[in-house]
Amino acid sequence: MQDTNQQLGRLEAQVESLQRQMEELRIDVKQMSDVITKWKGAGALLLILGASLGWLVDAIVKRL
């Protein structure tokens, strides 16, 4: 009976630990999602600027 109680106590502690870890993971994922959402527009802008600059450089090189 003592062994069963010890195992049950260990399992309860592991479940509590997993719950804390899941909460921390949820917070991390939310923060990462917020950052990605914030920078998504900037990424599109950088892509457009890079493509435009590449086109301009290509046009200049072809004329030379």
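The rules behind each value
- Residues numbered from 1 in each chain as written.
- Predicted model: local features only at pLDDT ≥ 70, side-chain atom pairs only at ≥ 80, totals over all residues.
- Heavy atoms only, no water.
- Patch = residues over 30% accessible without salt bridge, like charges linked within 9 Å, V, L, I, M, F, W, Y side chains within 5 Å.
- Areas by Shrake-Rupley, 256 points an atom, 1.4 Å probe, with all protein chains shown as cover.
- Salt bridge = Lys/Arg side-chain N within 4 Å of Asp/Glu carboxyl O.
- Helix = DSSP H or I, 4+ residues; strand = E, 2+ residues; numbered from the N terminus.
- Buried < 20%, exposed > 50% of the residue type's maximum accessible area, 1.4 Å probe, protein only.
- Expected span 1.5 Å × (residues − 1).
- Bend = angle between axes of the 7 residues up to and from the residue.

> What is the right way to read a nonpolar patch on the surface from this model?
Taken together, the side chains of Leu53, Trp55, Leu56, Val57, Ile60, Val61 and Leu64 define a hydrophobic patch exposed on the protein surface, amounting to about 790 Å² of accessible area. Tracing the backbone through its elements, the reader meets Ile60 in helix α1 (residues 2-63).

> So what exactly am I meant to see when it comes to the pattern of salt bridges here?
Two side chains bearing opposite charge may form a pair once their charged atoms approach each other closely. The full count for this structure, using the stated rule, is 3 salt bridges. Residues Arg26 and Glu23 are paired through a salt bridge, measuring 2.8 Å at the closest nitrogen-oxygen approach. Here Arg26 pairs with Glu23, and both are found in helix α1, just 3 residues apart, close to one helical turn. A residue is classified by how much of its surface remains accessible, and Glu23, at 36% relative accessible area, is partly exposed. For Lys30, the salt bridge is made with Asp34, and the minimal N-O distance between the two is 3.2 Å. Taken together, the residues Lys30 and Asp34, both in helix α1 and 4 residues apart, mark about one turn of the helix.

> Please clarify how α1 should be interpreted in this entry.
Because each turn of an α-helix spans 3.6 residues, side chains separated by three or four positions in sequence point in the same direction. The terminal C-alpha atoms of α1, which comprises 62 residues, lie 87 Å apart, in line with the 92 Å expected from a rise of 1.5 Å per residue. Within α1, the axis deviates most sharply at Trp39, by approximately 35°.

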